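Fold and contact review
Chain by chain, the residues run as shown.
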Amino acid sequence: MITATNVLVLLAMVVGTVGIVVPVLPGLVVVWGAVLVWALARQDGPGWLALGFATLVYAVGLVAKYLLPGRRMKTAGVDAVIVAVALVVAVVGFFVIPVVGGPVGFVVAIYVLELAKRREHAGAWQATVQAIRAVGLNIGIELATAFAIIATWGVAVYLTR
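The text that follows walks through the structure, step by step, so that each part is easy to find. The structure displayed is predicted, hence computed values, not measured ones.

**Brief notes about the overall build of the protein chain**
- Per the secondary structure count, the protein chain includes 6 helices and 0 strands.
- Along its sequence from the N terminus, the protein chain presents helices and strands in the succession α-α-α-α-α-α.
- The C-alpha radius of gyration of the protein chain comes to 19 Å, more than 25% above the 15 Å expected for a compact globule of 161 residues.
- Buried residues in the protein chain amount to 35% of all 161 residues.
- Averaging the locations of the 10 positively and 5 negatively charged side chains of the protein chain gives two centres separated by 4 Å.

The following block contains the structure:
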């Protein structure tokens, strides 16, 4: 059934999903929060069951988001300190050059720091490529998690119509 609540929840989920790709807001939290709002509006068993399953999917996605890309960068020899500094540069870059400044700042920071550490272009570039792949994997995991949460909510809405 199409209700105002369902339309607003779906709209919030779309905004959250866009927030994953364009990191302006915590997209995955927004998607999960939309299911929370829906369950609170329903106040029934199916709503709480959908919220519980969405929470489980969210937790698995969070664990995967932090474990898999980090492990990939660690095997490539990229230090956590370099990644942390690059993330700070990316945040500053996002505000200096809106939207594109974040990714550009991250890549340039990783490369420059790895070049200073390794003192050779080939190794620094390889580490930078691995960092970019890890970030892509991170975004992919977040998107897959968001889509699974949205699918969970969609099935719940369909079954309770």
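Here the narrative resumes, following the displayed structure.
**Comments concerning the pattern of salt bridges**
- Scanning all chains against the criterion turns up 5 salt bridges.
- In this structure, Lys-65 and Glu-142 form a salt bridge, with 3.1 Å as the shortest nitrogen-oxygen distance. With a gap of 77 residues between them, Lys-65 in helix H3 (residues 45-76) and Glu-142 in helix H6 (residues 121-159) connect regions that are remote in the sequence. Glu-142 matches Lys-65 in its accessibility class, with the two residues each being buried.
- The partner of Lys-117 in a salt bridge is Glu-114, and the shortest N-O contact between them spans 3.7 Å. Note that Lys-117 and Glu-114 are positioned in helix H5 (residues 101-118) at a spacing of 3 residues, about one turn of the helix.
- Judged by relative accessible area, Lys-117 falls into the partly exposed class, the value being 37%.
- Three or more residues are tied together by salt bridges with common partners; here these are Asp-79, Glu-114, Lys-117 and Arg-118.

**So, unusual backbone geometry**
- With phi around 55 degrees, Gln-43 is a residue other than glycine that occupies positive phi space.
- Mapped onto the fold, Gln-43 is located in the loop between helix H2 (27-42) and H3.

Conventions adopted
Residues numbered from 1 in each chain as written. Predicted model: local features only at pLDDT ≥ 70, side-chain atom pairs only at ≥ 80, totals over all residues. Heavy atoms only, no water. Helix = DSSP H or I, 4+ residues; strand = E, 2+ residues; numbered from the N terminus. Rg over C-alpha atoms; globule rule 2.2 N^0.38 Å. Buried < 20%, exposed > 50% of the residue type's maximum accessible area, 1.4 Å probe, protein only. Lys, Arg positive; Asp, Glu negative; His and termini not counted. Charge placed at Lys NZ, Arg CZ, Asp CG, Glu CD. Salt bridge = Lys/Arg side-chain N within 4 Å of Asp/Glu carboxyl O.

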